[in-house]
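# Notes for the structure review
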Amino acid sequence: MKKTLPVMITGVTLGISGVFLFSKPAPAAPAEEASFIEYSIELPGDVLSLTHGFAGGIGPMPDAITTLENSTISDMLAFTGRIRDRDGNLVGLASELEIFPDANGIRPDMTWKTDWTVTTPQGTLFMHENERIPAAHLPAFETVAGGEAWTGSLPAQVSVGPHPSGRGVIVGGTGLYAGATGTFVEKVDLRGLTPEGDMAGVMYVQIFLDKKPGGE
């Protein structure tokens, strides 16, 4: 998977102070394990599609997909992927639809809005969050800015709201999750980054339901 590195790298140094100011600590563990669900998406292996309207850096996936460049929605990004349970088994699909302040690419001092759907045979959850590049990921981008590839492991939360805890918000669901409420967290364990924009790692979606599925 790739990210919009030329634009992101330009803003790394300028955005460091803003990232540290706005980054939030990870939320506490849920009170009941029954109310907690965690899915993962392996990057790039579980990516099904990715497109946006940013110039340069990130390539569409697959190659034949229509991009959003030079359109009225060039400030948006669409992503779909397979999701895995905590044992690594494939259990469903997820999508992210992201809206940015402009079409100039992702920058460390930028916050953007993301809508999620998480679908399994049991039902679908609808969620939304605010995202920001976490301070913990900056060393990787700084290495790439110097023209070198980076490998390692930098786990960090990218969710910064809109819930006061810094989590995203569950707004509803279908099937087993009909009427669901609660919060969720998106985390990314960044494991590889190249000057060409290739990214490797694992994305985690940690869901904190107000009540266990099917509960009263």
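Every value quoted in this text rests on a predicted model; they were computed, and no experiment measured them.

## Re the nonpolar core
In this structure, Ile41, Trp116, Leu125, Met127, Leu193, Ile207 and Leu209 are the most contacted members of the largest nonpolar core, which totals 38 residues. Setting aside anything within four residues of it in sequence, one finds Leu125 in contact with Trp116, Thr117, Val118, Ile170, Gly172, Gly173, Tyr177, Ala180, Ile207 and Leu209.

## Examining the environment of Asn130
With respect to the helices, strands and loops of the structure, Asn130 is situated in strand 6 (residues 123-132). Residues Asn130 and Gly168, 38 residues apart in the sequence, show an inter-C-alpha distance of 6.8 Å. Those residues in contact with Asn130 that lie beyond four places of it in its chain are Thr111, Trp112, Lys113, Val158, Ser159, Val160, Gly161 and Pro162.

## Some words on the pairing of strand 5 (residues 111-120)
Alternating residues of strand 5 divide into Trp112, Thr114, Trp116, Val118 and Thr120, all buried, and Thr111, Lys113, Asp115, Thr117 and Thr119, none buried. Here 7 bridges tie strand 4 (residues 90-99) to strand 5, and the two strands are oriented antiparallel to one another. Bridging from a neighbouring strand, Ser95 pairs with Thr117 of strand 5. Strand direction decides the pairing type here: strand 5 and strand 6, joined by 10 bridges, are antiparallel. Note that in strand 6 the partner of Thr114 across the bridge is Glu129. Taken together, strand 5 and the strand that follows it, strand 6, pair antiparallel across an intervening segment of 2 residues.

Cut-offs and rules
Residues numbered from 1 in each chain as written. Predicted model: local features only at pLDDT ≥ 70, side-chain atom pairs only at ≥ 80, totals over all residues. Heavy atoms only, no water. Core = buried A, V, L, I, M, F, W, Y, C linked by side-chain atoms within 4.5 Å. Buried < 20%, exposed > 50% of the residue type's maximum accessible area, 1.4 Å probe, protein only. Contact = heavy atoms within 4.5 Å. Helix = DSSP H or I, 4+ residues; strand = E, 2+ residues; numbered from the N terminus. Pairing = 2+ DSSP bridges.

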